[in-house]
Amino acid sequence: MTEYAVIDTETTGLFPGGTDRIVEVAVVRLDSQFNEIARWETLVNPKRDVGRTDMHHITAGDVIQAPEFNEIAGELWHHIEGAITIGHNVSFDIRFIAVEFRKAGWNLDPWKGTCTMWAARRLGLPEKLESCCEEVGI
C-alpha cells in the first residue's frame, strides 16, 4: 500500500552541508487515499544562531531546550521510511534532511520526492505555497 510523507523544514539559512542547519522539521503521513494517519513535528537545536527569525519565526529561546538532530533522527526516519516524499520545494528539504542524517552518522543519500511547487508551476498556479493553497481553496 502506497503511503506519502509530506515534509517541511525550517532552517537557519539556504545552504545544507555548510553551517546552515535545520531548526524545525514536520511530517504528515498520508495513506493511499490521502487520509492523514500520523502527524509529527519538532523544533531542533541547531547549536548555532537560528538565522532569519523574520522568515521562520523561530527564536533562539524556542530551540534552546529542543533536541539536536541526532536525537530525533530515528523518530524522523520512522515517519518517512517507505513513503513517497512530498513537499513544496521538496528538494530543499530533502537535501537538508539528508545532510543532517549524515552528520548524525546515518548513511543516507538525498532521495527524490514529489514537488508541489513544481506541480503548481506546471498547472499555472502561484509558486508561493500560501498563494497556491489560496488559489485551490485550501
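Scroll up to find the structure.
Since we're looking at a predicted model, the values are computed, not measured. Here the residue numbers are simple positions, counted from 1 along each chain's written sequence. The predicted nature of this model means local features are confined to residues of pLDDT at least 70 and side-chain atom pairs, given and counted, to a pLDDT of 80 or more, with totals for whole chains, interfaces and linings taken over all residues. The side-chain numbers reported here are obtained from all heavy atoms of the structure, hydrogens and water having been left aside.

Attention now goes to the side chain of Thr 85. Residue placement: Thr 85 occurs in strand β4 (residues 84-87). Buried residues are those whose accessible area, probed at 1.4 Å on protein chains only, stays under 20% of the maximum for their type, while exposed residues exceed 50% and partly exposed ones sit between those limits. Accessibility expressed as a relative area gives 3% for Thr 85, which makes it buried. Definition of a polar contact: a pair of N or O atoms within 3.5 Å, with one able to donate and the other able to accept a hydrogen when the atoms are protein atoms, and with sequence-neighbouring residues admitted only if both atoms are side-chain atoms. Among the polar contacts made by the side chain of Thr 85, one reaches the side chain of Trp 111 at a distance of 2.9 Å. Note on definitions: a residue-residue contact is assigned when non-hydrogen atoms from the two residues lie within 4.5 Å. Sequence-distant contacts of Thr 85, defined by excluding residues within four places in its chain, comprise Ala 5, Ile 7, Val 90, Ile 94, Trp 111, Lys 112, Gly 113 and Thr 114. The secondary structure listing takes helices from DSSP runs of H or I that are at least 4 residues long and strands from runs of E that are at least 2 residues long, numbered from the N terminus.

Right, let's talk about the sheet that holds β4 for a bit. Pairing between sheet strands relies on hydrogen bonds along the backbone, with the strands arranged either parallel or antiparallel. Paired strands, as defined in this entry, are two strands with at least two bridges between them according to DSSP. Judged by pairing direction, the sheet is mixed, and its 5 strands sit side by side in the order β3-β2-β1-β4-β5 without closing on themselves. On the outer flanks of this sheet lie β3 (36-43) and β5 (114-115), each paired with one strand and no other. For strand β2 (residues 22-30) and β3, the ladder comprises 7 bridges, and the chain directions are antiparallel. Within β3, the position partnered with Val 27 by the bridge is Trp 40. All axes are obtained by fitting lines to C-alpha atoms, using only the stretch in contact for helices, and the reported angles, taken between N-to-C directions, cover 0 to 180 degrees. Along the sheet face, helix α4 (residues 90-103) touches β1 (4-11), β2, β4 and β5 and points at about 75° away from the line of β1.

Before going further, it helps to examine the side chain of Thr 12. Examined against the element boundaries, Thr 12 turns out to sit in the loop between β1 and β2. Of the residues examined, Thr 12 reaches a relative accessible area of 6% and is grouped as buried. Within the structure, Thr 12 has its side chain in polar contact with the side chain of Asp 20 (distance 3.1 Å). Within polar-contact distance, the side chain of Thr 12 engages the side chain of Arg 48 at 3.4 Å. Among residues more than four places away in sequence, those in contact with Thr 12 are Thr 19, Asp 20, Arg 21, Val 23, Pro 46, Arg 48, Asp 49, Val 50, Gly 51 and Arg 52.

The term salt bridge refers to a pairing of a side-chain nitrogen on Lys or Arg with a carboxyl oxygen on Asp or Glu at a separation within 4 Å. A full pass over the atoms with the stated rule returns 8 salt bridges. Linking Arg 29 and Glu 3 is a salt bridge whose minimum nitrogen-to-oxygen distance equals 2.8 Å. With Arg 29 in strand β2 and Glu 3 in the segment before β1, this residue pair connects regions lying 26 residues apart in the sequence. On the accessibility criterion, Arg 29 (10% relative accessible area) is buried.

As a further point, take the environment of Val 90. You can see Val 90 is positioned in helix α4. Judged by its relative accessible area of 3%, Val 90 falls in the buried class. Counting along the chain gives 50 residues from Val 90 to Trp 40, while the straight-line C-alpha distance between them is 17 Å. Setting aside its immediate chain neighbours within four residues, Val 90 contacts Ile 7, Thr 85, Gly 113, Thr 114 and Cys 115.

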